[in-house]
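Coordinate analysis (summary)
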Amino acid sequence: MKKNQVLGLATALALLGVSSASSGPILKPRKYHGPIPRSSFSLRVGFHGGASNEEMWSKLDAMVLERSGQVFTDDFSNAFILDGTYTYKLHPQFAIRANGSLTFLRSESRGFFVPALDPAPPILPVYHFARRFNVDLAMLEGSGVYYFTDAGVNEFQPYIGAGFSAGFPHATFQEGIVDPDSNIVITDDNDTEWSLEAGVHGLLGAMYYISSSIAINLETRYQIAQSKFPLMIETPGGPRQVRFDVDYTGFVLNVGAVWAF
């Protein structure tokens, strides 16, 4: 009798289990965003401020003033920068990343001066000039990054980092000098220089994930880098080549989107 009761109870429990499995859960599980992936790519745009071509412009402007001239110079201003970054997390709060950027630096100078001519004519002419010095600066950077918090959807994740840089500046100097009375072109120069330069940088930023794979990124970066540009100038001993320092040190502020995968 007892054996039949046990067998009946086991059969009832088995049938109940089959019935529950076939009918499905009564409550749907909550949607789960899942963990933030370890790899990500970000694309940002912004501005690079602080770069300077002061050494070259100071020398050229002084030469104009020595010749009873006037000069109006605009050095590098805030320049447009485009950033692309690949990041790989070794740990939820530690990562390494590679960043590539392209900055467009523009500067110019214009004015007039009285040339030193030998023999000197009865009336000295006045020459007008226009100069441009532009740099398209490509930078490759390797950084270590520390995140202050774990990544989470609908949460800010601030971070800090530092690393080394390799710069590839493409610098161009253009100069045109004209005698406005005769419309004769005195000088029409165009010099170009490529170089490879080393640098360092530090960065500070924050992510805000709107989903497990998409985030908004705001970042500021301070970089230290410079290059040299050779230029022929007139000296009391005759023309000679001078290598001027071009300083790219300054702050970068940019914003963009992140895709985690």
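Here the structure is a predicted model, which means the values were calculated and not measured. As a convention, each chain's residues are numbered from 1 in the sequence order in which they are written. Since the coordinates come from a predicted model, pLDDT governs what is reported: local features require at least 70, and pairs of side-chain atoms require 80 or more to be given and counted, while whole-chain, interface and lining totals use all residues. To get the side-chain values, take all heavy atoms of the structure and skip hydrogens and water.

Here, a salt bridge means any side-chain nitrogen of Lys or Arg that lies within 4 Å of a carboxyl oxygen of Asp or Glu. Under the criterion given, the structure shown has twelve salt bridges. The residue Glu219 makes a salt bridge to Arg44 at a minimum N-O spacing of 3.4 Å. Note that Glu219 is positioned in strand 9 (residues 214–224) and Arg44 in strand 1 (residues 39–49), a separation of 175 residues in sequence. Where Arg131 meets Glu175, a salt bridge forms, and the shortest distance between an N and an O atom there is 2.7 Å. Remark: Glu175 occurs in strand 6 (residues 156–179) and Arg131 occurs in strand 5 (residues 127–147); sequence separation between them is 44 residues. Several salt bridges share partner residues, and in doing so they unite Arg44, Asp83, Arg97, Glu141, Glu219 and Arg221 into one network. Labels follow the DSSP assignment, with helices taken as runs of H or I lasting at least four residues and strands as runs of E lasting at least two, numbered in each case from the N terminus.

In this analysis the probe radius is 1.4 Å and the grid spacing 1 Å, with only protein atoms considered; a cavity is a set of points the probe fits into but cannot get out of, a pocket is an open set with protein on both sides within 12 Å along at least five of seven lines, and lining residues have an atom within 4 Å of a point. Grid points are joined across faces, edges and corners, and a volume is the space filled by probe spheres set on the points. In total, this model carries one cavity of 30 Å³ or more according to the counting rule given. Forming the walls of the largest cavity are 14 residues, and the residues nearest its centre are Thr85, Thr87, Arg97, Tyr147 and Met207. The set of elements that each furnish at least two residues to the lining of the largest cavity consists of strand 1, strand 3 (79–91), strand 5 and strand 9. The element best represented in the lining of the largest cavity is strand 1, accounting for four residues. Each residue is assigned to one of three groups, with Ala, Val, Leu, Ile, Met, Phe, Trp, Tyr, Cys and Pro labelled nonpolar, Asp, Glu, Lys and Arg labelled charged, and all others, Gly among them, labelled polar. When grouped by side-chain class, the residues that make up the lining of the largest cavity number six nonpolar, five polar and three charged.

What follows deals with the environment of Ile210. Along the chain, the position of Ile210 falls in the loop between strand 8 (197–209) and strand 9. Distance in space between the C-alpha atoms of Ile210 and Val153 is 5.8 Å, their sequence separation being 57 residues. Excluding anything up to four places from it in sequence, Ile210 contacts Val153, Asn154 and Ala215. Contact between two residues is taken to exist if any of their heavy atoms lie within 4.5 Å; hydrogens are not considered.

One less than the number of residues in a helix, times 1.5 Å, gives the span that helix is expected to have. Here helix 2 (residues 54–66) spans 18 Å end to end across 13 residues, near enough to the 18 Å set by a 1.5 Å rise per residue. We call a residue buried when its accessible area falls under 20% of the maximum for its residue type, exposed when it is over 50%, and partly exposed in between, using a 1.4 Å probe and counting protein chains only. Among the residues of helix 2, those classed as buried are Met56, Trp57, Leu60, Asp61, Met63 and Val64. Taken end-on, helix 2 shows its buried residues confined to a sector of 155°, consistent with a single buried face. Residues of helix 2 that are exposed and point more than 90 degrees away from the buried face comprise Glu54, Leu65 and Glu66. Next to the buried residues of helix 2 lie strand 2 (70–74), strand 4 (94–113), strand 5, strand 6, strand 10 (226–235) and strand 11 (238–247). Following helix 2 by one or two positions, Ser68 has its phi on the positive side, about 55°. Read the arc as the range of directions from the helix axis to the C-beta atoms.

As for its position among the elements, Ser143 is in strand 5. Pairs of N or O atoms within 3.5 Å make up the polar contacts considered here, provided that, within protein, one atom can donate a hydrogen while the other can accept it, and that residues adjacent in sequence are counted only when both atoms are side-chain atoms. One polar contact links Ser143 to His201, side chain to side chain, over a distance of 2.6 Å. The contacts of Ser143, once residues within four sequence positions are left out, are Ala95, Ile96, Arg97, Ala162, Gly163, His201 and Leu203.

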